[in-house]
Amino acid sequence: MTVRADTTTRRRLPERALSGVLAAAVVLGVGELVSVAIAPASSPFFAVGSTTVDRSPAWAREFAITTFGTNDKPALFLGMTVLIVLLAAVAGIVEQPRRPYGSAILAVLGAVGVYAATHRPGATLLYAAPTVVGVAAGIVTLRLLTARARVPAESGPDASGMPRRQFLVLAATAAAVAAAAGAAGRYLADTIAGAVRNRNGLALPQVPVAGRAPGIGAGTDVAVPGATPFVTRNGDFYRIDTALQVPMLTTDEWSLRIHGMVDREITLSWSDLIARTPIERTITLTCVSNEVGGNLAGNATWIGYRIKDLLDEVGVSPDADMLLSTSSDGFTVGTPVEILRDGRDAILAVAMNGEPLPFEHGYPVRQVVPGLYGFVSATKWVVDWELTRFDRAEAYWTRRGWSEKAPIKTASRIDVPAAFGKIPAGPTIVAGTAWAQRRGIAKVEVRVDNGEWRTATLAPEYSIDTWRQWTWQWDAPTGVHSLQVRATDLGGNTQTEERAAPIPNGADGWHSRSFTVT
Ligand SMILES: Nc1nc2c(c(=O)[nH]1)N[C@H]1C(S)=C(S)[C@@H](COP(=O)(O)O)O[C@H]1N2
Ligand SMILES: [Mo]
């Protein structure tokens, strides 16, 4: 019998690919765990994700919102995960005991993570730690998993069983990742639970009778099945923001610093804010990215505090023409001071449809300004106000190609019948909505198959700051038909047929719907 010495062999390709993916999981799991000790935004995954969002060109935002709508965030997370798995698999495949190419790939990705994390709003050098520690752990994992496999002499080189030591390392690594991510997740869940408890226990401010929102009269909501309700339920309200992690502030953690070109700088705590007299108003918000016929608009009843009163309190310098507001996650909005003081109901809102603001919609405090698109007015999780000038400061979306100032354009939409659906021939109710916040809707017209414009019936006007529903009675003949709508505001402007993209200051054009009448 011959005695053979043990030999070693390079691991098989799928094993190396798996090693790379496990190493990446270690980077992210450990990174997540360390981020808990620093700040949620220092997590390598979220830092890179948020930086990607912030550095995306204008057309990429439009593409993402047009393609995925309000599912843009899950789509981004999925895309990032697929990309990470691919890169990690490649890193595992090219890693060699004496040529650590895969480790080099992890190091380069780590450098990207460090750059992203240390450039988040409010970041310190400490924000690098989760990525650095995570990548170090990931490289150790990769080295161990891709070390040459020892093949015991008796079993021969084609034995497929994984040697015991490597197997244990692999198992221990997977357990460590699970534990790290789990511990981080538990901690974050606790933080979230604290904020949730804070929100659940919050008493809504009492609005004096004189400050209440006018009641919604009969017929304001046309109540046609399939038509958008006049007031949008919180759970159905569109959500648009750059926040990959929804800020979860408690009212104790919240404050608003007001500074810049003011006579008296102040910092308001939650109790300072709610010591003031609130008002209640129903106001329709609209996103500049809303396409013709799109649903990035919603109407809610808000409770809040007049922004004008706070500005008067701090004494705004006559040279200041911009309120630069910043959210707890570093997003910024520039709003003309003149507009905030022109008498419209611009408020710091704390409640939405009879509840504290939902976290996604800005808990505990956000801005609501009638007549301006959200990106120049509706700062959620607002914590800082700087009085400044448009020629000195530039807000988040203006830096990325959107307009500096953006009043909401007159718009109209068909809600019923549904697009490309089938409806029975005969008497049909066509219904929809139209908005021209601050001006009000004067007229809505509808036409069939590019025929003559017919005047639709307007629901009673609630206020010039809300959308207005309309209906039109139609005796639908069989065949394939299209309907088109256009609105005229009380200032006499009729929507133009010419289409404009949402960039830089809102879409233009008439909404059409095609369907089959049988
Ligand atoms: N902090 C923060 N506030 C924000 C944004 C954001 O990205 N971050 N997006 C704005 C935009 S573009 C719009 S249209 C409105 C949307 O408000 P909603 O999500 O409550 O509907 O919020 C505004 N406020
Ligand atoms: Mo928006």
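Residues numbered from 1 in each chain as written. Chains lettered and ligands numbered in written order. Predicted model: local features only at pLDDT ≥ 70, side-chain atom pairs only at ≥ 80, totals over all residues. Heavy atoms only, no water.

1. Looking at empty space enclosed by the protein
For clarity, the threshold we go by: Site definitions follow a grid-based scheme: protein atoms alone, a 1 Å grid, a 1.4 Å probe that fits but cannot get out for cavities, and for pockets an open set with protein on both sides within 12 Å along at least five of seven lines, plus lining residues having an atom within 4 Å of a point. Grid points are joined across faces, edges and corners, and a volume is the space filled by probe spheres set on the points. All amino acids are sorted into three groups, where Ala, Val, Leu, Ile, Met, Phe, Trp, Tyr, Cys and Pro are nonpolar, Asp, Glu, Lys and Arg are charged, and the leftover types, Gly among them, are polar. Domain ranges listed in this record stem from an automatic or a database domain assignment.
Enumeration over the complete set of coordinates arrives at three cavities of 30 Å³ or more. Together, 23 residues line the largest cavity, and Ile240, Asp241, Gly374, Phe375 and Lys380 are the ones closest to its centre. When grouped by side-chain class, the residues that make up the lining of the largest cavity number 11 nonpolar, six polar and six charged. Its volume calculated, the second largest cavity comes out at about 150 Å³. Considering the residues around the second largest cavity, the lining is formed by 15 residues, among which Asn290, Val292, Ala411, Trp435 and Ala507 are closest to the centre. Among the residues forming the lining of the second largest cavity, the class breakdown is five nonpolar, seven polar and three charged. Counting the residues that make up the lining of the second largest cavity, at least three belong to each of domain 2 (228-400) and domain 3 (411-517).

2. A closer look at the pattern of salt bridges
Going by this rule: The rule for a salt bridge is simple: a side-chain nitrogen of Lys or Arg has to be within 4 Å of a carboxyl oxygen of Asp or Glu. In this text, helices come from DSSP runs of H or I with a minimum length of four residues, and strands from runs of E with a minimum of two, each type numbered from the N-terminal end. Burial here depends on accessible area, computed with a 1.4 Å probe over protein chains only, as a share of the maximum for the residue type. Under 20% is buried, over 50% is exposed, and the range in between is partly exposed.
The full count for this structure, using the stated rule, is 23 salt bridges. With a shortest N-O distance of 3.0 Å, arginine 120 and aspartate 54 are connected by a salt bridge. Taken together, the residues arginine 120 in the loop between helix H5 (101-118) and helix H6 (129-146) and aspartate 54 in helix H2 (residues 44-55) connect sequence positions 66 residues apart. The residues arginine 120 and aspartate 54 share a single accessibility class, namely buried. With its nearest N and O atoms 3.2 Å apart, the salt bridge here joins glutamate 265 to arginine 257. Looking at arginine 257, the relative accessible area reads 33%, which means it is partly exposed. Among the ionic contacts, a cluster of salt bridges with common partners joins Lys73, Arg239, Asp241 and Lys380.

3. Section: the sheet that holds strand E15 (residues 426-435)
Note the cut-off: Any two strands between which DSSP finds at least two bridges are classified as paired.
Strand order in this open sheet of four strands is E13-E15-E19-E18, and the pairing throughout is antiparallel. Looking at which strands have only one partner, the edges of the open sheet turn out to be strand E13 (411-416) and strand E18 (457-458). Pairing of E15 with strand E19 (residues 468-476), which is carried by nine bridges, proceeds in the antiparallel orientation. Looking at E19, one finds that valine 430 is bridged to tryptophan 472.

4. Concerning the sheet that holds strand E8 (residues 332-336)
Hydrogen bonds along the backbone pair up the strands of a sheet, which may run parallel or antiparallel. The line we're drawing: Whenever a helix is involved, its axis is fitted only over the stretch in contact; in every case the axis is a line through C-alpha atoms, and angles between N-to-C directions fall within 0 to 180 degrees.
Strand order in the open sheet formed by five strands is E4-E3-E12-E7-E8, and the pairing between neighbours is mixed. Edge positions in the sheet fall to strand E4 (266-269) and E8, since each has one partner strand and no second. Averaged over all pairs of adjacent strands, the angle between their axes in this sheet comes to 20°, without regard to strand direction. Judged from the six bridges that link them, strand E7 (residues 322-327) and strand E12 (residues 382-388) form a sheet pairing that is antiparallel.

5. What to know about the side chain of histidine 259
Selection rule: Under this definition, polar contacts are N or O atom pairs within 3.5 Å; protein pairs additionally need one hydrogen-donor-capable and one acceptor-capable atom, and for neighbouring residues in sequence, both atoms have to be side-chain atoms. Whether two residues touch is decided by their heavy atoms; if any such pair falls within 4.5 Å, the residues are in contact.
In this fold, histidine 259 is placed in strand E3 (residues 255-260). Side-chain polar atoms of histidine 259 contact the side chain of aspartate 384, separated by 2.8 Å. Residue contacts for histidine 259: discarding those within four places in its chain leaves Glu265, Asp384, Trp385, Glu386 and Leu387.

6. A few points about the domain arrangement of the protein
Each assigned domain of the protein is listed here: domain 1 (2-193), domain 2 (228-400) and domain 3 (411-517). Of note, the centres of domain 1 and domain 3, computed from C-alpha atoms alone, are 51 Å apart.

7. A short note on unusual backbone geometry
In this structure, proline 364 follows tyrosine 363 across a cis peptide bond, with omega equal to 0°. One can find proline 364 in the loop between strand E10 (355-356) and strand E11 (366-368). Residues valine 416 and proline 417 are joined by a peptide bond in cis, for which omega reads 5°. Its identity as a non-glycine residue notwithstanding, phenylalanine 420 has a phi of 55°, on the positive side. Position of phenylalanine 420 relative to the elements: it lies in the loop between E13 and strand E14 (422-423). Overall, phenylalanine 420 belongs to the exposed group, its relative accessible area being 73%. Its identity is not glycine, yet aspartate 449 carries a phi of approximately 50°, on the positive side. Residue aspartate 449 is classed as partly exposed on the basis of its relative accessible area, which comes to 37%.

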